[in-house]
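Examining the three-dimensional arrangement
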Amino acid sequence: MSTPGGGAEDSVPAKRGRGRPKGSKNGPSAGAVGRPRKDGRPPGNAQNKSKKQQAPAKSRNSNQQQATIQANDTQTRAGTSSNTLDTSNDASEVGEGSSALEAELGTLNSTGLSTTTPDIDDRVQAESAERPPQAFSCGMFAILCCHLINTNYGNVVESGSGSNWSPPHGRGLGNATKGQQTPAFVDEDEDDENVDYVVGGDLAEDEERGEFQSVPDDDDSRSGNVVDADTSRQKRASLPSWLLQNYADMRERLVSEIAKNVSQRPTCYDRGTFFDDASRAAVKGGTQYLSAKGWPEYPRRVVDLEECIFIVGYRYVCPNTECRKTFLSWSPALISALPRSLAVHFTHHLTHRSGLSDRVVSLMRSCFQRGVGPGPFAEMIQTQHIRHYEQLHLQYLETILIRSQSSSGHLLAKFPPFGLFDDVDGYAGFVPSPAYFRQFYVNYIASHASELDQHMAMLSATLIQVDHSFKVIRHLGKVSGETVFAGGLHTSVNEFVEIRSMVLTPSKAHSQFMPALCGISKSLEMYGHKPIGAVMTDMPRIDKPELEKMLPSLLTDVVPVPDITVFPQLTVPEDWNVTQLGSRYQVNTRLNTIMNSLVDNREFVVAMDMEWPVDTQNGIQGSVALISIAFNHEIFLIPLHQYWQNEGLPNTLLAFLRSPQILKVGVKINADFKRLSKDCKFTEKDQAFAGAIELGHLAKEKNLTAHAGIGLADLTSLILRRFLPKDPSIRVSTAWDNSELSETQKSYAALDVFATWEVFHGLSATSASGSVVTRDTPGGTAVSLLSSDRSRIVANGFVTPDQPKTLNGVNVTKTRLVVTVTSVVVPAHLVSRDLIQANQATPLSSFPSPPFTLVCKLKHLSISHTDTSHPTAPRPHAQSSPGPHPDIVIYSSDHANESTTSNDGPNSEAERWYNKADLVDDDDEDPAAAVADESAATYAVLLGAIAQSLDTRTSNSGLKRSGVFGDIWHLMHQFSISMQHGLRRPFARALRDAFFLYDEEDKAEIEAFLATKGVKWDYMLQYHPHWLFQRVKRYVPPPEDLLPRVTQVIQAFGPLKDAKTGTPLFNEKCWDIAKNALENIRRGYYSDPPGVTLYYPRKRDKFGLQRYRCCRGTPGIEGGVHQNIIRWFGSFNASPDFALELLRDYALYHNLKVGTYNRTGVPYMGSFDIWTRNQISQLLDSLSTRFSSNVPNFGPGGWVNGNNFARSTEVFGILPISGDFCTRLGMLVYHPEFAREFKIRHQYLALRQNTRVAILPIHTPDERGLFKLLLANPDGPFSGRTEPNWMDVAAQWNNHANGLTIFYKLPEHLKSYWKKWQENANEKNSISINRATFDNIVRSLSLPQSSIPHVMSGQPQSVRDQIDPSTEIPTTIVEPWKITQYLGRHSLQQSTVHFHYGERPPPPSRLDKGKKRAAAENVDEDNHGPIIKISTRKARTCPKCHRAGCDGAFRSRPCST
């Protein structure tokens, strides 16, 4: 029977030695009974003693003390047993020297691979009586010669041994003093807050990282592991002090066995283990056999689940004179040279000086993926080790008790105490620190990163859901408490909710995560999958341009919804030439040609426009990237990217811009000149740019607009009667800073500057009309109706000749005029309520078709310079061009209302106002009984015109309007509706029903089923909607049908008041959100994509009804991925490298579990070691003809081995920064020699980011000091009047980066820190302004030093110290032989008494069968024993005198009378 420590009880009795009393047999004190020795010690076995002097004193799995002293006194041992081999897989053969290895060449094929059999175990057990009980296990690999030192101290109570030796114990995880068991990773003085980044780094963690260097081929070539004569070597206090001596004994015994055995191998090898030859390719080619070079100086410790294992092996040397390199038998180079069939049995994972068993690694990986971090895991392993130690301690004490109670126990010597867990001179228990486990996990997952990433890259994806999470980065990937990845975690999943990409981004810019999606597209093509047909995102309008650029397949068969306009689109005529000037020579040549047109100091005009990059996520703007110039049928595009990096703008361009004779017309051209001057870093001494003419001011002077800030698109519609498209994805983009402009960008810039040229000439040709309309303006004069702010024309007409006093109940006062409207430009324009008889603001679209009369205010009229008979488009009316104006409902390019933050799941009801909207509550108000708010009703009427903006008569519902689609639930979340409003849930249900329509077949099937149960559809929809939605497919109609449905719901519910508070359901912000939401609906962003599958069947329920899984929207990422990451890894406080490997491992776990179930409907039943599964698959493929059938889950159609395909180029986790971006910010690429020589910090991040120094936020004192210097520099970037150019600030900062105290920065990092600095500065300034009040508060709260009482602090005490010693039961130390004598005497005395007074059982012969059965049945069931009956027999009397006291009562005596 195997003992808990790994030993086994011997079934063969040991040979009796001399001096043992006859008949003592093999009792508990066998081998310890005999004549007393003269030295006073108990007698011992001379034979065993002599063997003890030759052999080491160790057993299986180090760091555990076996206390199992066998009851039959056969010495316990833990030799090579099946348990040992199963645990450590250390079975092979080797001889000593190269001759032994050469003799074994070719033996593998003839002998084969054999494992230890029960027969071997029997022989091992039979030899244990003759072998010293403390022995090393000798199971080895052939060239490894790896022995497991099994340190189960089986004979710590060896009767023949003296008391000088004590049981070995060991240091655990810390330098705990004697009597304590404090692990090293439990810092007794640890603070609640991690301030290492303030007071200094964690040296212990740096030491742990040093442990994860590459495993050396020979440990002896480096520093020693334990005590060594060479004091220069570092001592490892965690190793037991007795290890070297026992290890030396082990080597001596093995050498002796090799010399004595005929096979010239260790005895354990002869019992049957694995063997092979060791060969190594020489430098000059051929085969070079390694020579044995004795034993290594130290064994290798490996930590197992409840104990430690020490590996013993040979040292080898390469005989080649050009090499002479030494190897240990566990060297990775030697293991890799072994045949795979042999190497797979060495499952330990070694680090530089230590290692973990495969079971610990597997358990650690599973724990980490279930939220058990390194700290709790280290405590768990320590608990198992200490538990095993305590079990051995208990066995030790129980065995001592048995021996002490034996008849010869009083003759035994004093037993040594078992000792402590962390005594280096004894048990030497050891458990690695949490930092070790953490870094081991990082290196372990990183070593398999290629296969993990390949598994993800080979997944299909016809539908992609993308989402950002900014909550994950609050918990993961921090450095010194600062978030490294401020851009969040960007995740993409496919239609089966399998993770296809996961990227941690330093900023929110699209360029930080879009390359990952581009990599998906390449992988799909590479592995023969279908291209991506649709993308689901939370921000469709913002993400659409970049997504379509990275994924061209999204544009397949897409027919975009056209912009709404009554004017034809403006285009550049064919006789105009568009030329890009890409060099200084071209710029100088062309501009000199224009300047040569200057004749006699005459002025001439050119149109000019400028573009620069803008990041919509953080608002950071770059330098001017493009200058567009239009002149005499020529358009010149001048990119400035190359000039900012070199010597600045060309001199000819500067002269052109500074010339006052060249008039540069444009919209907000003065602001453009100021920006360009700032980018050129001009000072007041430099000549300013001149000749600017503002088109807005020119239009205002002609009374065409009330504001000079009118935009170019509005001027184009006002002057040219043309539509100028202003695609926000092009206009506001970071792509303007690219080194190469796209054709779309060139066309956009050319059209803008051409529009500027044409508007200027249109304004120049305008006569002096446009004067203000008065009451004296003659009838028939053409006028234009302007918006309330006079920024644009909303309608055209003429002054009605007859001016009545009233018109339709509206008074025509001195400030009003009746106008006949002939054309409507902006149908959504609201006519103020005081001009309408119904006293309610009404849009122009609600009036009859033109012409119609209207009372207008004089301040809103202007004499028109155009023909009012210009034809208008047929109804419904539409707007001319987009622009940020409140009258324009759905055409604004402003994305302010489209949320740019991620919603990581419903954490509270405040975040999800539509939560539980499907459930009917008695508190819900009846919308029919609600009263509308008058002011809110105005917005509702305004939205009513939107439904008419789409001509449904000519629409085609089968067209694919977009390849990018939004999440409907995210759209609903954008409405900021109060949770206390009574109409919240009714509105949510109505909006839900407006979006979703039910599949008629599914609905009919469910209604038929519900009818059999006596339940109606409406009832289930009200009280159990989720049950229906799982069984009924739904679809979202095309935009032509969806827009009026949603508009109707918003228009009806928005103005309704709450019954208690009286507040309307929609506030002003909600109405603004509704405008943008309806525009997105009109563009088809929320309709179901044609031809894309959104529903997949699941298992049928118990009623046989089909259930479905829907992949519409992004909830699969928010709830199925990001929330799991936060819940499981949020408490880890993981560093960037740890966070990345956690996410990589989680992605594999998620894909195998979730993906397998969603694809097949069957749970995943395999391991997560895909490298092992890949190897199995590869072997099964090569051995397919050797099997009668394919192995399930591995054969054709089963497991896909990623190693059989070319590696994907996808990047997981941290994307490298592009070269152009690094150049613009002054960053250099990664250089390994620089990192090694300067020992830069965060080298891992620098390597992944491909930058010379890691990109990190401001977090060190030196960085904060540098920022203050930049602020204080009078000529620095912060010396201007406005916010600095953060691109320039970042480039200047990066010149100071050294990788130790100062690191690279992105513009986002500097801007974010600047905002924090401003907040702190504002706090200080506020205190300074109110210094008197602040000082008074400080004085009032301050107390005299003498009045402050002393704060007491107590000393902690253990429970043992707190217990009153007087209550403890006193114990007296008595000699063992006295105890035995006392117990024997007392037992004899009590036996005599009970024999004399106790009831004597009658002879068996006097009981007949019936009485025996009655006696057997006479049992007390409750007490589980026989019922003791009190005898009722009368006293014996004399037959003569009948007296009880007479002697005659006994027949042998006469009567006394």
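Residues numbered from 1 in each chain as written. Predicted model: local features only at pLDDT ≥ 70, side-chain atom pairs only at ≥ 80, totals over all residues. Heavy atoms only, no water.

Observations concerning the overall build of the protein chain
Assigned secondary structure in the protein chain consists of 46 helices and 38 strands. Taking contacts inside the protein chain between residues at least 6 apart in sequence as the whole, the part at least 24 apart equals 75%. With an accessible surface of roughly 70400 Å², the protein chain has 52% of that area assigned to carbon and sulfur atoms. (Helix = DSSP H or I, 4+ residues; strand = E, 2+ residues; numbered from the N terminus. Contact = heavy atoms within 4.5 Å. Areas by Shrake-Rupley, 256 points an atom, 1.4 Å probe, with all protein chains shown as cover.)

Quick word on a nonpolar patch on the surface
A surface patch of nonpolar side chains, about 280 Å² in accessible area, is lined by Leu1179, Leu1183 and Phe1187. In this structure, Leu1183 sits in the loop between α36 (1170-1182) and α37 (1219-1224). (Patch = residues over 30% accessible without salt bridge, like charges linked within 9 Å, V, L, I, M, F, W, Y side chains within 5 Å. Salt bridge = Lys/Arg side-chain N within 4 Å of Asp/Glu carboxyl O.)

As for the pattern of salt bridges
On inspection of all chains with the given rule, the structure shows 24 salt bridges. A salt bridge links Arg365 to Asp1145, with the nearest nitrogen and oxygen atoms 2.9 Å apart. Taken together, the positions of Arg365 in helix α12 (residues 358-368) and Asp1145 in helix α35 (residues 1136-1160) put the pair 780 residues apart, joining distant regions of the chain. Owing to a relative accessible area of 7%, Arg365 belongs among the buried residues under this scheme. A salt bridge links Arg1031 to Asp1101, with the nearest nitrogen and oxygen atoms 2.9 Å apart. In this pair, Arg1031 sits in the loop between α31 (1025-1029) and β34 (1034-1035) while Asp1101 sits in the loop between β35 (1095-1097) and β36 (1108-1110), placing the two residues 70 residues apart along the sequence. Pair check on accessibility: Arg1031 and Asp1101 agree, each one buried. (Buried < 20%, exposed > 50% of the residue type's maximum accessible area, 1.4 Å probe, protein only.)

Some remarks on helix α14 (residues 434-447)
The α-helix winds at 3.6 residues per turn, so residues separated by three or four positions along the chain end up facing the same way. Taking 1.5 Å as the rise per residue, α14 with 14 residues should run 20 Å; its terminal C-alpha atoms sit 20 Å apart, in good agreement. Across the 14 residues of α14, eleven count as buried, placing the element largely inside the fold. Those residues of α14 that sit buried are Pro434, Ala435, Tyr436, Phe437, Arg438, Gln439, Phe440, Tyr441, Val442, Tyr444 and Ile445. (Expected span 1.5 Å × (residues − 1).)

Some thoughts on the sheet that holds strand β23 (residues 782-786)
Pairing between the strands of a sheet comes from backbone hydrogen bonds, and it takes one of two forms, parallel or antiparallel. Within the open sheet, the five strands sit side by side as β30-β27-β24-β23-β31. Their pairing is antiparallel. Sheet topology places β30 (852-857) and β31 (861-863) at the edges, where each strand pairs with a single neighbour. Across the sheet, the axes of successive neighbouring strands diverge by a mean angle of 45°, strand direction being ignored. In the sheet, strand β24 (residues 793-799) pairs with strand β27 (residues 816-824) via five bridges, with the strands oriented antiparallel. The partner of Val799 across the bridge, within β27, is Val819. (Pairing = 2+ DSSP bridges. Axes fitted to C-alpha atoms, helices over the stretch in contact; angles between N-to-C directions.)

Some remarks on unusual backbone geometry
The amide bond that connects Pro850 to the next residue, Pro851, takes the cis arrangement and shows omega of 0°. In this model, Asn1133 sits at a positive phi of 50°, which is unusual for a non-glycine residue. With respect to the helices, strands and loops of the structure, Asn1133 is situated in the loop between α34 (1115-1129) and α35. The backbone of His1442 shows a phi angle near 60°, a positive value even though the residue is not glycine. Take His1442: it is sitting in the segment after β38 (1425-1426).

Description of the side chain of His349
Looking at the element boundaries, His349 is found in strand β9 (residues 349-350). In terms of polar contacts, His349 uses its side chain to reach the backbone carbonyl oxygen of Thr347, at 3.4 Å. Not counting residues up to four positions away in its chain, the partners in contact with His349 are Gly355, Leu356, Ser357, Asp358, Val361, Phe440 and Tyr444. (Polar contact = N/O pair within 3.5 Å; in protein donor to acceptor, adjacent residues only side chain to side chain.)

Some words on the pairing of strand β16 (residues 534-537)
Of the two faces of β16, both are covered, the one formed by Ala534 and Met536 as well as the one formed by Val535 and Thr537. Relative to β16, strand β11 (residues 463-469) runs parallel, the two being bridged by three bridges. From the neighbouring strand, Ile464 faces β16, where its bridge partner is Val535. In the sheet, β16 pairs with strand β32 (residues 964-966) via three bridges, with the strands oriented parallel. Residue pairing for β32: Met536 is matched across the bridge by Phe965.

What to know about the nonpolar core
Among the nonpolar cores identified, the biggest contains 100 residues, and Ile627, Phe656 and Leu676 are the most heavily contacted of them. Here this core gets eleven residues from one element, more than from any other, and that element is helix α25 (residues 743-764). In contact with Phe656, other than residues within four places in its own chain, are Leu591, Ile594, Met595, Val606, Met608, Ile629, Ile662 and Lys664. Counting residues in each nonpolar core, the second largest holds 92 residues, with Tyr441, Leu489, Ile620 and Leu1256 among its members. (Core = buried A, V, L, I, M, F, W, Y, C linked by side-chain atoms within 4.5 Å.)

Description of the packing of α14 against α35
Closest axis-to-axis distance for the α14/α35 pair is 9 Å, and the angle between their directions is 50°. The angle between α14 and α35 falls in the class oblique. Both α14 and α35 take part in a crossing whose hand is left-handed. Here Arg438, Gln439, Tyr441, Val442, Ile445 and Ala446 of α14 lie close against α35, whose contacting residues are Asp1137, Phe1138, Glu1141, Leu1142, Arg1144 and Asp1145. (Parallel < 35°, antiparallel > 145°, perpendicular 65-115°, else oblique. Left-handed = near helix turned anticlockwise from the far one by under 90°.)

As for the confidence of the model for the protein chain
On average, the protein chain scores 74 in pLDDT, and the residues at 70 or more come to 70%. Across the protein chain, element-level confidence peaks in α12 with a mean pLDDT of 95 and bottoms out in helix α4 (residues 107-111) with 29. Below pLDDT 50 for its whole length, residues 273-285 participates in 57 contacts with residues either more than four positions away or in separate chains. Of the regions scoring below 50 in pLDDT, residues 867-911 engages in 145 contacts with residues more than four places distant in sequence or in other chains. (pLDDT = per-residue confidence, 0-100.)

Considerations on the packing of aromatic side chains
Per the counting criterion, the structure on display carries 50 aromatic pairs. Residues Phe1066 and Trp1071 carry aromatic rings whose centres are separated by 5.1 Å and whose planes lie at 70° to one another, so their mutual orientation is edge-to-face. Across the pair, exposure class does not vary: Phe1066 and Trp1071 are buried alike. Its guanidinium or amino end placed over the ring of Phe430, Arg301 lies 3.7 Å from that ring's centre, counting from NZ or CZ. Sitting above the plane of the Phe470 ring, Lys508 keeps its charged end 5.2 Å from the centroid. (Phe/Tyr/Trp six-rings, centres within 6.5 Å; stacked < 30°, edge-to-face > 60°. Lys NZ or Arg CZ within 6 Å of the ring centre and 35° of its normal.)

Details of the packing of α34 against α35
It is the contact of α34 with α35, at a shortest axis distance of 12 Å, that shows an interaxial angle of 125°. The orientation of α34 with respect to α35, classified from their angle, is oblique. Where α34 crosses over α35, the two elements pack in a sense that is right-handed. In this structure, α34 uses Gly1120, Val1121, Asn1124, Ile1125, Trp1128 and Phe1129 to contact α35, whose residues at the interface are Leu1142, Leu1143, Tyr1146, Tyr1149 and His1150. Its residues placed into classes, the contact of α34 with α35 shows eight nonpolar, three polar and no charged. (Nonpolar A, V, L, I, M, F, W, Y, C, P; charged D, E, K, R; others polar.)

Brief notes about α36
With 13 residues, α36 ought to run about 18 Å at 1.5 Å a step, and its terminal C-alpha atoms sit 18 Å apart, in line with that. Regarding α36, the residues found buried are Ile1170, Trp1171, Arg1173, Asn1174, Ser1177 and Leu1180. Looking at the buried positions of α36, the neighbouring elements they touch are α12, α14, α15 (449-457) and α35.

Considering the environment of Ile542
With respect to the element layout, Ile542 can be found in helix α17 (residues 540-550). Owing to a relative accessible area of 13%, Ile542 belongs among the buried residues under this scheme. With 190 residues separating them in the primary sequence, Ile542 and Val732 have C-alpha atoms 10.0 Å apart.

A word on the pairing of strand β5 (residues 300-303)
Of the two faces of β5, both are covered, the one formed by Arg300 and Val302 as well as the one formed by Arg301 and Val303. Both β5 and strand β6 (residues 308-312) contribute to a ladder of four bridges, which runs antiparallel. Paired with Val302 across the strands is Ile309, a residue of β6. Hairpin connection, β5 to β6: the antiparallel pair is bridged by four residues.

Digging into the sheet that holds strand β4 (residues 291-292)
Strand order in the open sheet made by the three strands is β4-β7-β8, with antiparallel pairing throughout. One side of each edge strand has no neighbouring strand; the edge strands of this open sheet are β4 and β8 (326-328). Pairing of β4 with strand β7 (residues 315-317) involves two bridges; the strand directions are antiparallel. Of the residues in β7, the one forming a bridge with Ser291 is Val317.

Notes on the environment of Ile445
Counting through the fold element by element, Ile445 comes out in helix α14. Under the relative-accessibility criterion, Ile445 is labelled buried at 0%. Taking C-alpha positions, Ile445 is 9.7 Å from Phe1138, a pair spaced 693 residues apart along the chain. Discounting residues that sit within four places of it in the chain, Ile445 has contacts with Arg365, Leu452, Glu1141, Arg1144 and Asp1145.

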